[in-house]
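Chain by chain, the residues run as shown.
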Amino acid sequence: MQVNLTSDTATRPTPEMLQAMFAATVGDDVFRQDPTVNTLEEFAANLFGMEAALFCPSGTMTNQLAIKCHTQALDEVICEEKSHIFQYEGGVYSMISSVSLNLIQGERGKILPGQVAAAVKPRYDWLPISRLLVLENTCNKGGGSIYRLPEARELVKEAREHGLAAHLDGARLFNALVETGESPADWGATFDTISICLSKGLGAPVGSLLLGPQELIDRARRYRKVIGGGMRQAGYLAAAGHFALQHHVDRLAEDNARARRLAATLERMPYVKAVERAETNICIFHLAGDRQASDFLDQLAERGIQAVPFGPQTVRFTTHLDVTEPMIDYVLETLTSLED
Ligand SMILES: *Cc1c(COP(=O)(O)O)cnc(C)c1O
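Calculation rules
Residues numbered from 1 in each chain as written. Predicted model: local features only at pLDDT ≥ 70, side-chain atom pairs only at ≥ 80, totals over all residues. Heavy atoms only, no water. Helix = DSSP H or I, 4+ residues; strand = E, 2+ residues; numbered from the N terminus. Rg over C-alpha atoms; globule rule 2.2 N^0.38 Å. Buried < 20%, exposed > 50% of the residue type's maximum accessible area, 1.4 Å probe, protein only. Areas by Shrake-Rupley, 256 points an atom, 1.4 Å probe, with all protein chains shown as cover. Domains from an automatic or database assignment. Contact = heavy atoms within 4.5 Å. Buried area = accessible area lost by both parts, 1.4 Å probe. Salt bridge = Lys/Arg side-chain N within 4 Å of Asp/Glu carboxyl O. Polar contact = N/O pair within 3.5 Å; in protein donor to acceptor, adjacent residues only side chain to side chain. Nonpolar A, V, L, I, M, F, W, Y, C, P; charged D, E, K, R; others polar. Pairing = 2+ DSSP bridges. Axes fitted to C-alpha atoms, helices over the stretch in contact; angles between N-to-C directions.

**Some remarks on the overall build of the chain**
Summing up its helical and strand segments, the chain has 14 helices and 13 strands in all. What you see for the chain is a C-alpha radius of gyration of 20 Å, in line with the 20 Å of a compact globule of 340 residues. The dimensions of the chain, computed from C-alpha atoms along their principal axes, are 60 × 55 × 35 Å. In the chain, which comprises 340 residues, the proportion classed as buried is 56%. As displayed, the chain offers around 14100 Å² of accessible surface, 51% of which is attributable to carbon and sulfur atoms.

Spelled out as structure tokens, the structure:
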């Protein structure tokens, strides 16, 4: 059996999603003439109670457009040190927006109460101007950790008291919402802008959305175009995203439950030193003794299981739409059978 636990970006469109893509009515989205893109943007904006949305090729683009629209050159963005915008976006905030990051050390990628207020810089000519707070829910490198809405609201309040705007990197926000039962609209009411990924556990092949006020989204649309993100008949992709938002949200609870099953078995394995709490669809664990992640991943690969290293002795498993219950059974059997 082949099981791909590399990332929830590995999902491929289901037959029903492909059907929706085939059936899409399209036009040139750069002229705003693609009805399917327009429908997706309206649908998502409504879901979050935001004025407008912008369909982009990637979550890196939606995050970076948000940073660009909220800041000016020589401003700084406050975020946790495990943030995707710091770890995995190539440092491009320095290029596109000419800003620096003020990194906070929190817990599991989450900023703690009081840390935002403490991080905001006083206004001196020799200091960057703190302008934007970015939170990430769930936090990937934090092990898929969840912010509860009251926690996020407290941090955003600290930011606003100092005149900062607030952006949410919600690439996997729905993985959190199916656990907490919180509504997208309440999250929309808390942040100035939100980015969500359609191409992760939601199962669309491509696409992310930036949600926010009309005026900001209009500016983001212009920046999207000049950095090469204006897509023409993007409706074929938007149709997949729209289908995902309608049909693939509730099922994320299954992915989360499967990651917890993996974590529970790993806890009992002698070759595992520690398993980070699996709150959503990500399970990060650390190997015992001098076992190397690369060797362990080779052993798994020989048995048809793919995953990624998250450090010299650390491994990440990610569950998603294309990982079924029998596949998880197979992974658990395999893990149990591995030599200590
Ligand atoms: C995947 C991801 C993104 C966006 O990544 P792209 O590969 O550019 O779509 C942003 N933030 C987080 C937390 C992510 O996991």
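**Regarding the domain arrangement of the chain**
Domain annotation for the chain reports domain 1 (3-8 + 251-337) and domain 2 (14-247). The centre of domain 1, based on its C-alpha atoms, is set 28 Å off from the matching centre of domain 2. Of the residues lining the interface, 17 residues belong to domain 1; the matching set on domain 2 comes to 22 residues. Carbon and sulfur atoms supply 47% of the area that domain 1 and domain 2 bury against each other, a total of about 1600 Å² over both sides. Of all residues in domain 1, Asp 8, Leu 252 and Glu 279 give up the largest surface area on contact with domain 2, accounting jointly for 36% of the area buried on that side. Our enumeration of links across domain 1 and domain 2 arrives at 3 salt bridges. With a shortest N-O distance of 3.4 Å, Arg 260 and Glu 179 are connected by a salt bridge. Scanning the region where domain 1 abuts domain 2 turns up 9 residue pairs in polar contact (both at pLDDT 80 or more). At the level of secondary structure, the elements contributing two or more residues to the side of domain 1 that touches domain 2 comprise α12 (252-267) and β10 (282-287). Looking at which element gives the most residues to the side of domain 1 that touches domain 2, the answer is α12, with 5 residues. The class makeup of the residues in the side of domain 1 that touches domain 2 is 6 nonpolar, 3 polar and 8 charged.

**Examining the sheet that holds strand β6 (residues 165-170)**
The strands making up a sheet are joined through hydrogen bonds of the backbone, oriented either antiparallel or parallel. The strand order across the open sheet built from 7 strands is β2-β8-β7-β6-β5-β3-β4, with neighbouring strands paired in mixed fashion. Two strands in the sheet have a free side with no partner beyond their single neighbour: β2 (52-56) and β4 (100-104). The mean angle between the axes of side-by-side strands here comes to 20°, regardless of whether they run parallel or antiparallel. Sheet topology places strand β3 (residues 75-80) next to β4; 5 bridges connect them, and they run parallel. From the neighbouring strand, Glu 76 faces β4, where its bridge partner is Ser 100. Sheet strands in contact with helix α2 (residues 35-48) are β2, β7 (193-197) and β8 (208-212), and its direction is about 130° off that of β2.

**Regarding the pattern of salt bridges**
Once their charged atoms are close, side chains differing in charge can pair, the charge on each being opposite to the other. Evaluated as defined, the whole model comprises 20 salt bridges. Residue Asp 8 is joined to Arg 172 by a salt bridge in which the shortest nitrogen-to-oxygen separation is 2.7 Å. Within this pair, whereas Asp 8 is found in the loop between β1 (3-4) and α1 (15-22), its partner Arg 172 is found in the loop between β6 and α8 (173-180), the two being separated by 164 residues in sequence. Here Asp 29 ties to Arg 224 by a salt bridge, and the two come within 3.4 Å at their closest N and O atoms.

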